[in-house]
Amino acid sequence: MEAECPPREVELSALEAEKQPMAAAEAGGGGGEPPNPPGPDPGAPPAGGEKNGLVKLPQDEESGGGGEISGGCKFTGLGKEELLRAAGAPPWRKARTLLLLLFWLGWLGMLGAAAAIVARAPRCQPLPPRAWWQLGGLYRAPPRPFAGDLKGVAARLEHVAGLQMRGLVLGPLHPENAGDPQNLRLDELDPALGSLQDFTDLLQAAKKKGLQVIVDLTPTRAGNSSWLGRGGGRDPAFRQKVQRALSAWLERGAAGVFLDGIEELEPSLVAEWRNLTEQNTTDGVSRVLVGGTRLRDPRELQALLNASGAGLVLGPFLQALGPDVPPAALAPQLLGFLRPHTALAWSVGSPWQHLEGLSPPRAPQRLLLLWAALPGTPVLSYGDEAALAEPPELPPMPWELIEGLQKGDDSVQARRLELCRRLGALWARERSLSLGEAVAIPAQEAAVFLRSWDQSERFLVVINPSEEPIPRLALRDPRLPARPPCASAPHRPFPEDLELDLGALELRPYEGLLLSFPYAP
């Protein structure tokens, strides 16, 4: 006969623990004598050592009987009634009240700290309202050398949009009449360029690319006058003809009109045509009258800006400062053109005088000035992004060359195109370049511009306008860091982790540097 298995301890659930007293009461309430208690177990704890929730049961025979017997009691937890009695005790009530009070004090403290941080944080400057021609550059392209006709222009809009342009200055579109300029039909489209439906299709295609089309209505490009001398601008019949053409092209959907040589016109006439242009807004797109000038003298340019009635003035401001200007005076004099608060469109050349033909060594730094150093609207002429040579007068756009350029190509054309795309993308992305003010940083041998906007990243443009290198340029200004963390240059690549020392900059001939550093309160 096998020996009886000793009892083992098992854990009971809270419900089973509550049922134990009730089961015991039912057993003793039958009227009979209570059963004799079992004899003392030699291995059991002494009387009074049992705790609520513990019970001894015989080991289950199905378990095999071979397991070890636990030598201690296992706590099964309090029953529901005991938990309620314990939770209502004064010490626990005080503990709960204290924890609740600490929670709300901590929550209110964090709320107050957040409010203090918000109150002490510098306020972000609100973005000013800007017209579409202030959101990107303008691209000047006579249709024939650029793409042949209007359908060809529509097929090349992807290239223009890839340069971060927002406007395409297209023209002349009217039929040429070199023998009788007084009888120009400015309101008509040259049949060699296509039909008016082609022009409408071009406007729709440009809209899909985020571009607006400005029509060049300059009467003539021959000689030194755009308006047949000052007499042309004062002839009432001719002025009426220009006004009819202006209204006609705006009604066809053009987003603006470009008139070159506005120094030959009376300022009141320019202001009148500007009002006519801006009032002709029917599709929610603002119209703009862009006035061009051929003046070179800085004082004459300044006087024109003070008196001009154009919405945007495009001029050769970079060419106005010749090689005789000291490098230290270059930045202040260029920024001086901004004082009349006339919206400026910066251009180096024109479709008839390309950037590469003006000064090949200076071309990259002048692009840097256009896109990074100077507030306003940058303007490129067709082919400037591909280092298009000067002769003939209107050379065709080298589309085969542009399409054949591969990434990593080290040719002059590839580097120029990559520079234009990179500067355009940077201008569109960085508010300090597209919105920020520009100040001149004192420097003896270079032209230095600092661009900043609110709490955005700062940009420093350093230009060596001389054919001589600058072995050591020291820039000392409290607004500048000692070592800007990021640098790029059109002439040479820089390692990404390079930190330049502004106290000892080295510049090659005609080199330009673009440095950036974060805002520091």
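The structure we're discussing is the one just above.
Keep in mind that this is a model prediction, so the values were computed, not measured. (Residues numbered from 1 in each chain as written. Predicted model: local features only at pLDDT ≥ 70, side-chain atom pairs only at ≥ 80, totals over all residues. Heavy atoms only, no water.)

A.B. asks: Any details on the overall build of the protein chain? Residues and values, ideally.
C.D. replies: Counting its regular elements, the protein chain contains 18 helices and 17 strands. A separation of at least 24 residues holds for 71% of the contacts in the protein chain among residues at least 6 apart in sequence. For the protein chain, the exposed area adds up to about 27700 Å²; of that, 55% sits on carbon and sulfur atoms. (Helix = DSSP H or I, 4+ residues; strand = E, 2+ residues; numbered from the N terminus. Contact = heavy atoms within 4.5 Å. Areas by Shrake-Rupley, 256 points an atom, 1.4 Å probe, with all protein chains shown as cover.)

A.B. asks: Explain the packing of helix α15 (residues 363–373) against helix α17 (residues 412–429) to me, and be specific about the residues and the numbers.
C.D. replies: Axes are the key here: two packed helices are described by the angle between their axes and the distance separating the axes. At their nearest, the axes of α15 and α17 sit 10 Å apart, and the two run at 15 degrees to each other. In terms of their interaxial angle, α15 and α17 are classed as roughly parallel. Our pair here, α15 against α17, has a crossing hand that is right-handed. From α15, Ala363, Pro364, Leu367, Leu368 and Trp371 reach across to α17, where they touch Arg416, Leu419, Cys420, Leu423, Gly424 and Trp427. (Axes fitted to C-alpha atoms, helices over the stretch in contact; angles between N-to-C directions. Parallel < 35°, antiparallel > 145°, perpendicular 65-115°, else oblique. Left-handed = near helix turned anticlockwise from the far one by under 90°.)

A.B. asks: Tell me about helix α11 (residues 298–307), residues and numbers included.
C.D. replies: Within α11, the full set of buried residues consists of Leu301, Leu304 and Leu305. Down the axis of α11, the sector holding all buried residues measures 100 degrees, keeping them to one side. Opposite the buried face of α11, by more than 90 degrees, sit the exposed residues Arg299 and Asn306. Sitting at the head of α11, Asp297 places a side-chain oxygen 3.1 Å from the backbone nitrogen of Arg299. (Buried < 20%, exposed > 50% of the residue type's maximum accessible area, 1.4 Å probe, protein only. Arc of directions from axis to C-beta. Polar contact = N/O pair within 3.5 Å; in protein donor to acceptor, adjacent residues only side chain to side chain.)

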